[in-house]
Amino acid sequence: MTKDRSPRNKTMTLSAAEVRRFSTDITTLKAPSSVDAIAGRTICQDIIHAAKYLPARSVDLLFIDPPYNIDKEFHAESFRARSSAGYAEYMGSWFRALVPSLRRTASIYVCGDWRSSAAIYDVLSRHVIVRSRITWEREKGRGAKANWKNASEDIWFATVSDNYAFNTDAVKIMRRVIAPYTENGKPKDWERTAHGGFRRTHASNLWTDLTVPYWSMPENTEHPTQKPEKLLAKIMLASSNEGDMVLDAFAGSGTAAAVAKKLGRRYCSIEKDERYAALIEKRLAGIERGDRIQGYEGGVFWERNSIAAQEAFAQRRTHGHR
């Protein structure tokens with residue numbers, strides 16, 4: 001017997017009929033393709049096979065969220081842990097295939113965890129310029145009796161050359177002011193709201209303001225390793241501009257494509273599993289252009305647990321108050 005879902009459960013799922021319906025919108029690459037041919041498309045294909053048909057020097061931002069170096073089931077696919085050298089060999093096999101598609105000004109972001117990070121750095125440093133390693137707090141996770149609870153993941157940031165986009169002001173974070181200085185009774189470098197004082201601060205490579213999607217969030221899907229839309233929005237706003245091409249090489253539930261569509265970027269998703277490729281198409285079908293992303297309100301990134309202040313701030317902006 002199927003258990004009825006709570007009315008508050010907004011998780012996007014797929015029926016068998018929807019898999020058939022949305023599978024008609026996905027494609028495979030069988031010959032060299034143009035940028036226009038791949039823009040807005042979900043490619044259901046093995047990454048190495050798809051990569052050789054991607055247009056050369058066409059990608060402005062490459063996002064990669066591959067299987068981490070752990071045993072994991074992904075619907076019809078599975079991944080088995082291997083040695084660090086074995087993982088580096090696995091990553092190198094498909095990363096080398098993607099390099100020709102990158103523009104000289106392109107940026108690359110690769111997700112991983114503590115087990116896979118050394119291998120990721122090893123592979124990236126052979127082909128591109130490694131700029132930083134972002135660590136983000138993943139508040140979900142199970143405790144361990146004989147080890148530290150694993151509550152973080154990594155994102156490696158790299159570029160093809162020294163000429164690349166990085167929009168610092170677009171990704172500053174609105175944080176609560178601990179010591180609110182004033183000048184002539186007015187806030188100095190911070191804004192006063194009914195819920196406290198807030199200041200926009202530079203984003204660092206330690207991200208503690210993300211919420212992993214869960215069942216009551218509209219962005220949540222049935223994919224087991226989905227990344228938050230806010231995470232992709234940070235990456236996209238920092239390292240691309242409107243109209244740029246974003247390629248997601250292991251698309252999963254299509255978070256990168258969803259955020260790209262909201263933020264006015266072109267996008268292409270590659271996903272091997274047909275069910276997840278269909279899920280991406282269903283997700284994209286329900287998205288309109290706009291920046292409605294949890295934790296990103298009024299064009300501003302907010303620290304976690306500041307919902308009331310976000311809403312008040314957005315309302316002020318809507319009515320022309322600065």
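Everything below is about the structure shown above.
A few points on the structure. (Residues numbered from 1 in each chain as written. Predicted model: local features only at pLDDT ≥ 70, side-chain atom pairs only at ≥ 80, totals over all residues. Heavy atoms only, no water.)

Before going further, it helps to spend a moment on the side chain of Lys-282. Relative to the assigned elements, Lys-282 resides in helix H8 (residues 274–285). For Lys-282, the side chain forms a polar contact with the side chain of Glu-18, separated by 3.0 Å. Excluding residues that lie within four positions of it along the chain, Lys-282 makes contacts with Met-12, Thr-13, Leu-14, Glu-18 and Phe-22. (Helix = DSSP H or I, 4+ residues; strand = E, 2+ residues; numbered from the N terminus. Polar contact = N/O pair within 3.5 Å; in protein donor to acceptor, adjacent residues only side chain to side chain. Contact = heavy atoms within 4.5 Å.)

This part takes up the sheet that holds strand E14 (residues 245–248). Across the sheet, which stays open at both edges, the eight strands sit in the order E1-E15-E14-E2-E5-E7-E6-E13 with mixed pairing between neighbours. Unpaired on one side and paired on the other, strand E1 (41–43) and strand E13 (206–207) mark the two borders of the sheet. Sheet topology note: the strand E6 (residues 129–137)/strand E7 (residues 152–159) ladder contains eight bridges and is antiparallel. Across the sheet, the residue bridging to Ile-129 is Thr-159, located in E7. Docked against the sheet, helix H4 (residues 84–98) engages strand E2 (59–64), strand E5 (102–112) and E14, running at close to 165° with respect to E2. Sheet strands touched by helix H7 (residues 255–263): E2, E14 and strand E15 (266–270). Its angle to E15, the strand with the most contacts, is close to 170°. (Pairing = 2+ DSSP bridges. Axes fitted to C-alpha atoms, helices over the stretch in contact; angles between N-to-C directions.)

Glancing now at the side chain of His-223. In this fold, His-223 is placed in the loop between E13 and helix H6 (229–239). There is a polar contact of 3.1 Å between the side chain of His-223 and the backbone nitrogen of Thr-225. Residue contacts for His-223: discarding those within four places in its chain leaves Phe-74, Gly-252, Ser-253 and Tyr-276.

Between H4 and helix H5 (residues 117–127), whose axes approach to 8 Å, the crossing angle comes to 40°. As the angle between them shows, H4 and H5 are arranged oblique. The chirality of how H4 crosses H5 is right-handed. In this structure, H4 uses Ser-84, Tyr-87, Ala-88, Met-91, Gly-92, Phe-95 and Arg-96 to contact H5, whose residues at the interface are Ala-119, Ile-120, Asp-122, Val-123, Leu-124 and His-127. Of the residues assigned to the contact of H4 with H5, the class counts are eight nonpolar, three polar and two charged. (Parallel < 35°, antiparallel > 145°, perpendicular 65-115°, else oblique. Left-handed = near helix turned anticlockwise from the far one by under 90°. Nonpolar A, V, L, I, M, F, W, Y, C, P; charged D, E, K, R; others polar.)

Next up on the list: the pairing of E2. The side chains of a regular strand alternate, first on one face of the sheet and then on the other. Of all the six residues making up E2, six are buried; the element is thus mostly covered by neighbouring parts of the structure. Of the strand pairs in this sheet, E2 and E5 are connected by five bridges, and their pairing is parallel. Looking across to E5, one finds that Phe-63 is bridged to Tyr-109. The pairing of E2 with E14 spans three bridges and is classified as parallel. (Buried < 20%, exposed > 50% of the residue type's maximum accessible area, 1.4 Å probe, protein only.)

Within the structure shown, the criterion is met by eleven aromatic pairs. By the ring-pair criterion, three or more aromatic residues cluster together here, those being Phe-79, Tyr-87, Tyr-90, Trp-94 and Phe-250. It is Arg-82 that lies over the ring of Tyr-90; its NZ or CZ is 5.1 Å from the centre. The ring of Phe-301 carries the charged tip of Lys-234 above its face, separated from the ring centre by 5.1 Å. (Phe/Tyr/Trp six-rings, centres within 6.5 Å; stacked < 30°, edge-to-face > 60°. Lys NZ or Arg CZ within 6 Å of the ring centre and 35° of its normal.)

Turning to the environment of Arg-126, a few remarks are in order. Residue placement: Arg-126 occurs in helix H5. Taking the relative accessible area as the measure of exposure, Arg-126 reaches 57% and is therefore exposed. A polar side-chain atom of Arg-126 sits 2.7 Å from a polar atom in the side chain of Asp-122.

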